[in-house]
Amino acid sequence: MKRFLLTLLLAAAPLAPVHAVQPDEVLADPGLEARARAISRDLRCPVCQGESIDDSNAPISRDLRLVVRERIMAGDSDAQVVDFVVSRYGEFVLFNPKAEGANLILWLAGPGVFLLGAAGALVYIRRRGQAAPAEAALTAEEQARLRDLTGK
């Protein structure tokens, strides 16, 4: 049983959240450290691109984590810290960029394409459901020719 639990624990270990924050980066004040972690989770690593700076081991992420902590220690608000980082690295470092300016197009493009597709599907379904136009009745000449061909 102990061996099973140990195996289960070792198998689940990679699923635990891993933070790349080094012990020398951690702030002494737990409240300030919590703010720094919250900000770091919302900033993308410029090198890794799919990881936050809190999770990345890239040297640039370490530098950004230190900058975040320095700005917090200097008394900046969370928004000021994020603005400072964005001014240096651009909006690319934000996992959730602001929905304004050129970004507004990107925010609205997904729902817009979905609505266009849904409207197109609705039109297609409605048109497909309509009855086919009634066939024109055969003229007397066509009926006679049909009787001759079928032998009835």
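K.L.:
Could you give an account of the pattern of salt bridges, naming the residues involved and the relevant values?
P.N.:
Side chains carrying opposite charge are able to pair once their charged atoms draw close together. Counted by the stated rule, this structure contains five salt bridges. The residue R69 makes a salt bridge to E33 at a minimum N-O spacing of 2.7 Å. Separated by 36 residues along the polypeptide, R69 in helix α3 (residues 59-73) and E33 in helix α2 (residues 30-41) bring together distant segments of the chain. Under the relative-accessibility criterion, R69 is labelled buried at 3%. For R71, the salt bridge identified is with D76, shortest N-O distance 2.8 Å. Classification of R71 as partly exposed rests on a relative accessible area of 26%. Connected via shared salt-bridge partners are E33, R37, D54 and R69.

K.L.:
Break down a nonpolar patch on the surface for me, with residues and values.
P.N.:
Side chains of L104, W107 and L108 sit close together on the surface and give an oily, nonpolar patch of about 300 Å² of accessible area. Relative to the elements of secondary structure, L108 occurs in helix α5 (residues 102-129).

Criteria and thresholds
Position labels on residues start from 1 in each chain and follow its written sequence. The model is predicted, so local features are restricted to residues of pLDDT at least 70 and side-chain atom pairs to those at 80 or more, both for listing and for counting; the totals for chains, interfaces and linings are taken over all residues. Where side-chain values are given, they derive from all heavy atoms of the structure, hydrogens and water being excluded. A pair is scored as a salt bridge if a Lys or Arg side-chain nitrogen falls within 4 Å of a carboxyl oxygen belonging to Asp or Glu. Every helix listed is a DSSP run of H or I at least four residues long, and every strand listed is a run of E at least two residues long, numbered separately from the N terminus. Note on exposure labels: buried denotes an accessible area under 20% of the residue type's maximum, exposed denotes more than 50%, and partly exposed covers the range between, all computed with a 1.4 Å probe on protein chains only. Any residue with relative accessible area above 30% and no salt bridge may belong to a patch, with like charges joined within 9 Å and the nonpolar Val, Leu, Ile, Met, Phe, Trp and Tyr side chains within 5 Å. Note on areas: these come from Shrake-Rupley sampling with a 1.4 Å probe, and a residue is covered only by the protein chains present in the view.

Honestly, it's all geometry; don't read function into it.
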